[in-house]
Amino acid sequence: MKEQQVRIVREVPDAENYAALRKQAGLSPRSEQGIKIGLGNSLFAVSLYAGDELIGMGRVIGDGGCFLQIVDIAVRPDYQGQGLGKLIMDELINYLKEETPVDAYVSLIADQPADKLYLKYGFRYTAPDSLGMYLRITK
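Residue numbering note: each chain is counted from 1, following its sequence as written. Restriction of local features to residues with pLDDT of at least 70 applies here, the model being predicted, together with a cutoff of 80 or more for giving and counting side-chain atom pairs; totals for whole chains, interfaces and linings are based on all residues. Values shown for side chains rest on all heavy atoms present in the structure; no hydrogens or waters enter the calculation.

What about the sheet that holds strand β4 (residues 67–75)?
Pairing between strands is defined by DSSP: at least two bridges between them are needed. In this text, helices come from DSSP runs of H or I with a minimum length of four residues, and strands from runs of E with a minimum of two, each type numbered from the N-terminal end. Taking strand neighbours across the sheet as the criterion, the five strands line up as β1-β2-β3-β4-β5 in an open arrangement whose pairing is mixed. Across the chains shown, the open sheet's two edge strands, defined by having one partner strand only, are β1 (6–9) and β5 (105–108). In this sheet, neighbouring strand axes are inclined to one another by 20° on average, regardless of whether the strands run parallel or antiparallel. Direction of pairing for β1 relative to strand β2 (residues 44–50): antiparallel, over a ladder of four bridges. Bridge pairing in β2 links V9 to S47. In this description, contact between two residues means that some pair of their heavy atoms is separated by no more than 4.5 Å. To define axes, lines are fitted to C-alpha atoms, for helices over the stretch in contact only, and angles between the resulting N-to-C directions are given on a 0 to 180 degree scale. With respect to the sheet, helix α3 (residues 84–99) is in contact with β1, β2, β3 (53–62), β4 and β5, its orientation differing from that of β4 by roughly 160°.

A closer look at the pattern of salt bridges
For salt bridges, the criterion is a side-chain nitrogen of Lys or Arg within 4 Å of an Asp or Glu carboxyl oxygen. Applying the stated rule across the entire model yields eight salt bridges. The salt bridge partner of E32 is K36, with a shortest N-O separation of 3.1 Å. One end of the pair, E32, and the other, K36, are both in helix α2 (residues 32–40), four residues apart, so they sit about a helical turn from each other. For the pair E32 and K36, one class covers both residues: exposed. Each of the salt bridges in this network shares a partner with another, and the network as a whole consists of R22, R59 and D72. Only protein chains enter the accessibility calculation, which uses a 1.4 Å probe; a residue is then buried when its area is under 20% of its type maximum, exposed when over 50%, and partly exposed in between.

Some words on the pairing of β5
Note that β4 and β5 share four bridges and pair parallel. Looking at the pairing, I70 lines up with L108 of β5.

What to know about the pairing of β3
With respect to burial, β3 is a largely interior element, seven of its ten residues being buried. Inspection of the sheet shows β2 paired to β3 by seven bridges, in the antiparallel sense. In the strand pairing of β3, A45 is matched with R59. Two elements, β3 and β4, share six bridges in a ladder whose sense is antiparallel. Among the inter-strand pairings, M57 is bridged to a residue of β4, identified as A74. Turn length for the β3-β4 hairpin, with the two strands adjacent in sequence and antiparallel, is four residues, and the turn residue G64 shows positive phi of about 80°.

Remarks on the nonpolar core
Within the largest apolar cluster, 20 residues are counted, with the highest numbers of intra-cluster contacts made by V60, I70, M89, L92, L96 and F123. Elements supplying a minimum of two residues to this core: β2, β3, β4 and α3. No other element matches the seven residues that α3 contributes to this core. The next biggest cluster of nonpolar side chains, apart from the first, holds nine residues, and it includes V9, L21, I35 and Y49. What we call a nonpolar core is a set of buried Ala, Val, Leu, Ile, Met, Phe, Trp, Tyr and Cys residues that are connected through their side-chain atoms within 4.5 Å.

Laid out in structure tokens, this is it:
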């Protein structure tokens with residue numbers, strides 16, 4: 001476990017650090033083009049740094065009014081277990097409460113066991129009322 005001051009930056013990281021963190025955290029890869037477009041279209045982001053190293057992040061995407069999604073919750077494995085996921089979620093939830101209209105629908109895709117963290121923020125499973133679905137574009 002690393003002991004170092006964590007710096008909170010409320011903006012997206014650069015594309016290279018974003019791609020590296022996704023890989024380190026075991027998230028699926030994204031294309032370089034997709035990363036650049038996606039990061040640029042974030043509604044809100046929080047990045048955590050130890051020194052100059054990106055160690056965690058999360059983003060809010062969507063239309064900003066009716067539908068929003070929390071994505072890219074990632075903490076580097078050597079920094080996990082220190083409450084950084086909670087720190088990221090606190091930042092994202094504070095943004096959502098301050099900046100989104102009443103009745104906005106906020107969704108996320110939860111990997112286990114992180115779903116337990118999201119339940120603490122009021123998220124609920126959609127099943128059996130509805131089922132989450134996805135489509136990955138391939139060429």
